[in-house]
Amino acid sequence: MAAGGGLRFLLVALRFLLVALHMAAASAALPLVVNTWAFGKATETAWRVLQMGGSELDAVEKGCAQCEMDQCDGSVGYGGSPDESGETTLDAMIMDGNTMEVGAVADLRRVKNAIGVARKVIEHTKHTLLVGESASLFAVRMGFPYEDLTTPKSLSMFSEWLNQSCQPNYWKNVVPDSSKSCGPYKKTEKVICKEDWISSQRRISVHNHDTIGMIVIGESGTIASGTSTNGAIHKIPGRVGDSPIAGAGAYADSTAGGAAATGDGDIMMRFLPSYQAVEYMRMGTDPTVACQKVISRIRKYAPKFFGAVICANTTGSYGAACNKTPGFTQFHFMVYNPSLSQPSEQVVDCI
Ligand code: SD4
């Protein structure tokens, strides 16, 4: 009897060990594609690019471009997040974790393939970030067509907002009172400088999130990352968020790891969360914990900010974290690695 019990215990222990080994292998296999939200077609495209012999940068570019074409969640790419004048503008970046080169565009107008243009910034300039009309001119020189980014849907979002007295918006310390009426606004004499962190929750939330952030790690350990977004709905024209900023929207260093962020960029970019997460992983911190640490740091100042971060280290281990708020308790992200036969949607409970 006792010997039988011992054997059974041994078998159970062995099974646990096998499951644990399998899980370790599943979470640390290369190559790896991880991206924000349940944007599975983007994951699949990036994976296919790698399988066909493309580079990690190619995979990030084409994966994010898939979302730009599909208007993932109706909001990456054209036809989403109209600004205060009704125009859709795009932000994107791509980073090479071997050379630490970054190409980025911000406030890009009338060009759909923002991450494609960002890639051209790496390939054909010595700059890092091009913005606004001049970025569009650069895009045209690089062979991208001018296209209208407005759609019937973005027009109706814009007119709905106008009909709601331009609520919500991003102004403060102005007259007329921006919490009640549309502009044009003038500055008030009295300026209340304290940031209303709480109100940020109203502006970008789980209902209007926009960003694909992607990390790709090749078999050799080369890491690339990137983002593409149409930013914050009803933004003040000229507003640029975290997504095209290296270290904020995404970061990659083939000697440490990769990370990408999504959420309220006006708040998140002040903390360079992607850079910070990569630095935590460089010190040996597990990717999930690295993601959690950057979320906790931001939360000290902005308890109700909307945001999430994905992290992956050089071995192919990955994780994610998000800030728990009443409307946002779980974050969905996508993973593809050799232990999976298709893109896998994963969920993490927010902290
Ligand atoms: C921005 N971070 O422009 C982007 C928006 C976003 O999920 O990621 N929403 O602020």
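Residues numbered from 1 in each chain as written. Predicted model: local features only at pLDDT ≥ 70, side-chain atom pairs only at ≥ 80, totals over all residues. Heavy atoms only, no water.

1. A word on helix 4 (residues 114-124)
The buried fraction of helix 4 is high, at eight of 11 residues. In this structure, the buried residues of helix 4 make contact with helix 3 (56-70), strand 2 (90-96), strand 3 (102-108), strand 4 (129-131), helix 5 (132-141) and strand 8 (223-229). (Buried < 20%, exposed > 50% of the residue type's maximum accessible area, 1.4 Å probe, protein only. Helix = DSSP H or I, 4+ residues; strand = E, 2+ residues; numbered from the N terminus. Contact = heavy atoms within 4.5 Å.)

2. Details of unusual backbone geometry
Following Gln167, the chain continues to Pro168 via a peptide bond in cis, the omega torsion being -5 degrees. The topology assignment puts Pro168 in the loop between helix 6 (152-163) and strand 5 (174-175). Here Val175 and Pro176 are connected by a cis peptide whose omega angle stands at -5 degrees. Relative to the elements of secondary structure, Pro176 occurs in the loop between strand 5 and strand 6 (186-187). Unusually for a residue other than glycine, Leu272 sits at a positive phi of about 40 degrees. As for its position among the elements, Leu272 is in the loop between helix 8 (265-268) and helix 9 (273-282).

3. Focus on the confidence of the model for the chain
Averaged over all residues, the pLDDT of the chain is 90; the fraction at 70 or higher stands at 87%. Considering only residues more than four positions removed or in separate chains, one finds that residues 16-26, a stretch of pLDDT under 50, has three contacts. (pLDDT = per-residue confidence, 0-100.)

4. With respect to the sheet that holds strand 1 (residues 32-36)
Strand order in the open sheet made by the eight strands is 4-3-2-8-7-1-13-14, with mixed pairing throughout. Looking at strand neighbours, the two that pair on one side only are strand 4 and strand 14 (344-349), the edges of this open sheet. Shown here is a sheet whose adjacent strand axes are inclined to one another by a mean of 15 degrees, direction ignored. Note that strand 2 and strand 3 share five bridges and pair antiparallel. Paired with Leu90 across the strands is Leu108, a residue of strand 3. Packing of helix 2 (residues 40-51) onto the sheet brings it into contact with strand 1, strand 7 (212-217) and strand 13 (330-336), and relative to strand 1 it is tilted by some 155 degrees. Contacting strand 2, strand 7 and strand 8, helix 3 crosses the sheet at an angle of about 155 degrees to strand 7. (Pairing = 2+ DSSP bridges. Axes fitted to C-alpha atoms, helices over the stretch in contact; angles between N-to-C directions.)

5. Focus on the nonpolar core
Membership of the largest hydrophobic core comes to 86 residues, with the highest contact counts inside it found for Val105, Phe331 and Phe333. The contact partners of Val105, leaving out residues within four places of it in the chain, are Leu90, Asp91, Ala92, Ala114, Val117, Ala118, Val121, Leu129, Leu130, Ala135 and Pro244. Listed in part, the five residues of the second largest apolar core include Phe158, Cys166, Val174 and Tyr185. (Core = buried A, V, L, I, M, F, W, Y, C linked by side-chain atoms within 4.5 Å.)

6. Description of the state of the cysteines
Across all of its chains, the model carries four disulfides by this definition. Across the disulfide, Cys67 is cross-linked to Cys72 (sulfur-sulfur distance 2.0 Å). Because the torsion about its S-S bond is -95 degrees, the bridge between Cys67 and Cys72 counts as left-handed. With relative accessibility at 0%, the residue Cys67 sits in the buried group. The exposure class of Cys72 is buried, given its relative accessible area of 9%. Note that Cys322 is cross-linked by a disulfide to Cys350, the S-S spacing being 2.1 Å. Its torsion about the S-S bond being -105 degrees, the disulfide of Cys322 and Cys350 is classed as left-handed. Linking Cys322 in strand 12 (residues 318-322) with Cys350 in the segment after strand 14, this pair joins segments that are 28 residues apart in sequence. Residue class for Cys322 comes out buried when judged on its relative accessible area of 0%. Ordinal numbering of bonded cysteines along the chain defines a disulfide pattern of 1-2, 3-4, 5-6, 7-8. With no disulfide of its own, Cys64 lies closest to Cys67 among cysteine sulfurs, the gap being 7.2 Å. (Disulfide = S-S within 2.5 Å.)

7. Topic: the UniProt feature "active site" (unreviewed entry) in the chain
In the numbering adopted here, UniProt assigns the feature "active site" (unreviewed entry) to Thr211. Note that Thr211 resides in the loop between helix 7 (200-203) and strand 7. Residue class for Thr211 comes out buried when judged on its relative accessible area of 6%. With near-sequence residues (within four places) excluded, Thr211 lies in contact with Thr36, Trp37, Phe39, Val76, Thr227, Ser228, Thr229, Ser243, Ala261 and Thr262. (UniProt positions renumbered as here; feature names shortened; annotations may be inferred.)

8. Looking at the pattern of salt bridges
Applying the stated rule across the entire model yields 15 salt bridges. Two residues, Asp58 and Arg119, come together in a salt bridge whose shortest N-O distance is 2.9 Å. In this pair, Asp58 sits in helix 3 while Arg119 sits in helix 4, placing the two residues 61 residues apart along the sequence. The class for Arg119 is buried, based on a relative accessible area of 9%. Linking Arg282 and Asp253 is a salt bridge whose minimum nitrogen-to-oxygen distance equals 2.7 Å. Linking Arg282 in helix 9 with Asp253 in strand 9 (residues 250-253), this pair joins segments that are 29 residues apart in sequence. (Salt bridge = Lys/Arg side-chain N within 4 Å of Asp/Glu carboxyl O.)

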